[in-house]
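An overview of the molecular structure
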Amino acid sequence: MSPSTSTSASTVNAPLDWAAPLSEAPVDAEVRLPGSKSLTNRYLVLAALAEGPSELRAPLRSRDTLLMAAAVASLGARVTDAPASSDGSNPTEVATWRVEPGALRGAGQLDCGLAGTVMRFLPPVAALASGDTTFDGDPHARTRPMAPLLGALRDLGARVDDDGRGLMPFTVRGTGRLPGGRTVMDASASSQFVSALLLAAARSDSGVEVVHEGEPVPSAPHLVMTQQVLRDAGVEVETDLATTGGASGTHWRVAPGRVGALDVDVEPDLSNAAPFLAAALVTGGRVTVPGWPQRTTQAGDALRDLLDEMGADVDLTPEGLTVRGGDGVSGIDADLHDVGELAPVLAAVAALADTPTRLRGIAHLRGHETDRLAALATELNALGGDVSETEDGLLIRPRPLHGGTFSTYGDHRMATAAAVLGLAVPGVVVLDVGTTAKTLPDFPGLWTGMLAR
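Residues numbered from 1 in each chain as written. Predicted model: local features only at pLDDT ≥ 70, side-chain atom pairs only at ≥ 80, totals over all residues. Heavy atoms only, no water.

**Topic: the packing of helix H10 (residues 343-351) against helix H12 (residues 412-424)**
- Look at H10 against H12: their axes get within 8 Å of each other, and the N-to-C directions meet at 25°. As the angle between them shows, H10 and H12 are arranged roughly parallel. Every pair of crossing elements has a handedness; the one defined by H10 and H12 is right-handed. On H12, the residues that touch Pro-344, Val-345, Ala-348, Val-349 and Ala-351 of H10 are Arg-413, Thr-416, Ala-417, Val-420 and Leu-421.
- Split into classes, the residues belonging to the contact of H10 with H12 amount to eight nonpolar, one polar and one charged. (Axes fitted to C-alpha atoms, helices over the stretch in contact; angles between N-to-C directions. Helix = DSSP H or I, 4+ residues; strand = E, 2+ residues; numbered from the N terminus. Parallel < 35°, antiparallel > 145°, perpendicular 65-115°, else oblique. Left-handed = near helix turned anticlockwise from the far one by under 90°. Contact = heavy atoms within 4.5 Å. Nonpolar A, V, L, I, M, F, W, Y, C, P; charged D, E, K, R; others polar.)

**Describing the sheet that holds strand E9 (residues 170-175)**
- Sheet architecture is open: four strands sit in the order E6-E7-E9-E8, paired in mixed fashion. Pairing within the sheet leaves two strands with one partner each, and these edge strands are strand E6 (108-111) and strand E8 (160-161). (Pairing = 2+ DSSP bridges.)

**Quick look at the nonpolar core**
- By size, the foremost hydrophobic cluster in this structure holds 77 residues, and its most contacted members are Leu-110, Val-118, Leu-122 and Phe-135.
- Sequence-distant contacts of Phe-135, that is, excluding residues within four places in its chain, are made with Leu-110, Cys-112, Val-118, Met-119, Leu-122, Pro-123, Ala-126, Met-168, Pro-169, Phe-170 and Val-172.
- Of all hydrophobic cores here, the second largest spans 71 residues; its members include Val-31, Ile-332, Ala-350 and Ala-351. (Core = buried A, V, L, I, M, F, W, Y, C linked by side-chain atoms within 4.5 Å. Buried < 20%, exposed > 50% of the residue type's maximum accessible area, 1.4 Å probe, protein only.)

**A closer look at helix H7 (residues 220-232)**
- End to end, H7 covers 19 Å across 13 residues, agreeing with the expected 18 Å (1.5 Å per residue, within 8%).
- Among the 13 residues in H7, ten count as buried, and that is most of the element.
- Burial in H7 covers these residues: Ala-220, Pro-221, His-222, Leu-223, Val-224, Met-225, Thr-226, Gln-227, Val-229 and Leu-230.
- In this structure, the buried residues of H7 make contact with helix H2 (37-49), helix H6 (192-201), strand E12 (237-239) and strand E13 (251-254).
- Gly-234, located one to two residues past H7, shows a positive phi value of around 80°. (Expected span 1.5 Å × (residues − 1).)

**As for the environment of Asp-138**
- Tracing the backbone through its elements, the reader meets Asp-138 in the loop between strand E7 (130-136) and helix H5 (147-155).
- The sequence separation of Asp-138 and Met-68 amounts to 70 residues, and the corresponding C-alpha distance is 15 Å.
- Each residue touching Asp-138, except ones within four places of it in the same chain, is listed here: Arg-63, Gly-113 and Leu-114.

**Describing the side chain of Gln-298**
- Among the secondary structure elements, Gln-298 is positioned in the loop between strand E15 (286-290) and helix H9 (303-309).
- Setting aside its immediate chain neighbours within four residues, Gln-298 contacts Ser-36, Leu-39, Met-225, Glu-267, Pro-268, Asp-269, Leu-270 and Ser-271.

**Brief notes about unusual backbone geometry**
- Between Met-168 and Pro-169 the backbone carries a cis peptide bond, its omega angle lying at -5°.
- You can see Pro-169 is positioned in the loop between E8 and E9.
- One non-glycine residue with positive phi stands out, namely Asp-163, at about 55°.
- Along the polypeptide, Asp-163 turns up in the loop between E8 and E9.

**A look at the pairing of strand E19 (residues 357-360)**
- Judged by which residues are buried, E19 turns out to be one-sided: Thr-357 and Leu-359 face inward and are buried, whereas Arg-358 and Arg-360, on the alternate face, are not.
- In terms of strand pairing, strand E18 (residues 333-335) meets E19 through three bridges, oriented parallel. Its bridge partner lying in E19, Asp-333 is registered against Arg-358.
- Handedness of the E18-H10-E19 crossover: right-handed.
- Pairing geometry for E19 and strand E21 (residues 394-397), over three bridges, is antiparallel. (Right-handed = clockwise from strand over helix to strand, strands pointing away.)

**Re the environment of Val-349**
- In this fold, Val-349 is placed in helix H10.
- Residues Val-349 and Thr-239 lie 110 residues apart in sequence; the distance between their C-alpha atoms is 36 Å.
- In this view, Val-349 contacts Ala-278, Leu-281, Val-282, Met-310, Val-329 and Val-420; residues no more than four positions away in its chain are not counted.

**A few points about the packing of H2 against H7**
- Running from N to C, H2 and H7 point in directions that differ by 40°, and their axes come no closer than 10 Å. As the angle between them shows, H2 and H7 are arranged oblique. Handedness of the crossing formed by H2 with H7: right-handed. Residues Ser-38, Leu-39, Arg-42, Tyr-43 and Leu-46 of H2 form the contact with H7, whose own contacting residues are His-222, Met-225, Thr-226, Val-229, Leu-230 and Asp-232.
- A per-class count over the contact of H2 with H7 returns six nonpolar, three polar and two charged.

**Quick word on the pattern of salt bridges**
- Counting across every chain of the model gives 24 salt bridges.
- For the salt bridge of Asp-81 with Arg-61, the shortest nitrogen-to-oxygen distance reads 2.7 Å. You can see Asp-81 sitting in strand E4 (residues 78-81) and its partner Arg-61 sitting in the loop between strand E3 (54-57) and helix H3 (63-74), a full 20 residues away along the chain. A single burial state applies to Asp-81 and to Arg-61, both of which are buried.
- Salt-bridge contacts for Arg-360 lead to Asp-333; the nearest nitrogen and oxygen are separated by 2.6 Å. One end of the pair, Arg-360, is in strand E19; the other, Asp-333, is in strand E18, with 27 residues separating them in the sequence.
- Residues joined in a network through salt bridges with shared partners are Arg-182, Glu-209, Glu-238 and Arg-253. (Salt bridge = Lys/Arg side-chain N within 4 Å of Asp/Glu carboxyl O.)

In structure tokens:
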């Protein structure tokens, strides 16, 4: 059974306009979250390039990952549902994707939706294929920056036709091989440019050396994650990137060689935990996310320190992470350069705080699913907030909020931020809450289930 159809209903059944539930009492719940999107899509790419079949247990099945699964299948891999491991060690209730690599072929027309990982991770794979692959997606996807990656691919010997625009749609004319070599690029708009080159580099003729020149690369934990999954597959990676994820690297090298098959459990998506853990803080309640890893490369792990600084009591145990709210919410001054995906929910929490908040280091969010800085300022101010954009972030001052509509701009993290506001502000209506299916199937069901406990 193809994964592109096995769970499609769960990604489209969310209502378009949704009255965000008001919390009548402190939340007290345990919320089990599906797998990490970032890990699932990296594993899918490597599994398609591997020398043998891979098993990915408990992968995320959302719009972004279903698009990736369908895309690697179009490029020659076979992705199927396998409810149990071949040795019987995986219980049937834990879903698994089995990925069998095949000869890479041009995919023709490839739908990226609004998934940055699909539009950026797969052009290097398409360069290794025999035949043409045209990349296109949702209307806003055609505005997301691609030029640094396409230029780097040309440096490495790939043929790319984009009419000089550096945007989708573009066509990679695969010749069955990628010569490789050295490229100098400015990856300050997205760490995905570097990750894309590293993920496919081992299959190139001479390996790949990437040098970044420009402002610091954002979202450093995602680059650490990319290096870790490469090493999990036996790929040799050299870098000056700090293993803690606290600094941006400037130089990476991947040697040519084999990509080993994977047999992995996908961690829960820690960034998707943000609205649920925030619910504990803003309602003065308690939320536990089981299975929170003791060590992880996921950016969402920063929630532990950030929510603690905003007034929560945070406790990590072998069973999971528990966040408890206190007497109120405090504003913060935080540099979110490495964890910008957390900014929308933190901005919503900050709008409910007792003191001002400054979120810094996130100018790159202007090039995400939407211009998140402008969108957050516009929508929070429409509810009575006092939010202003700065050169690299947002300044949020306390002010009483009122109900109203909250536009999401097709951005899943705008929708989850609005749900957090709705816990404390009566009458918040989230427009197009179904966009949350991009990374979290049935978010409204999970949210109302949390409140029902």
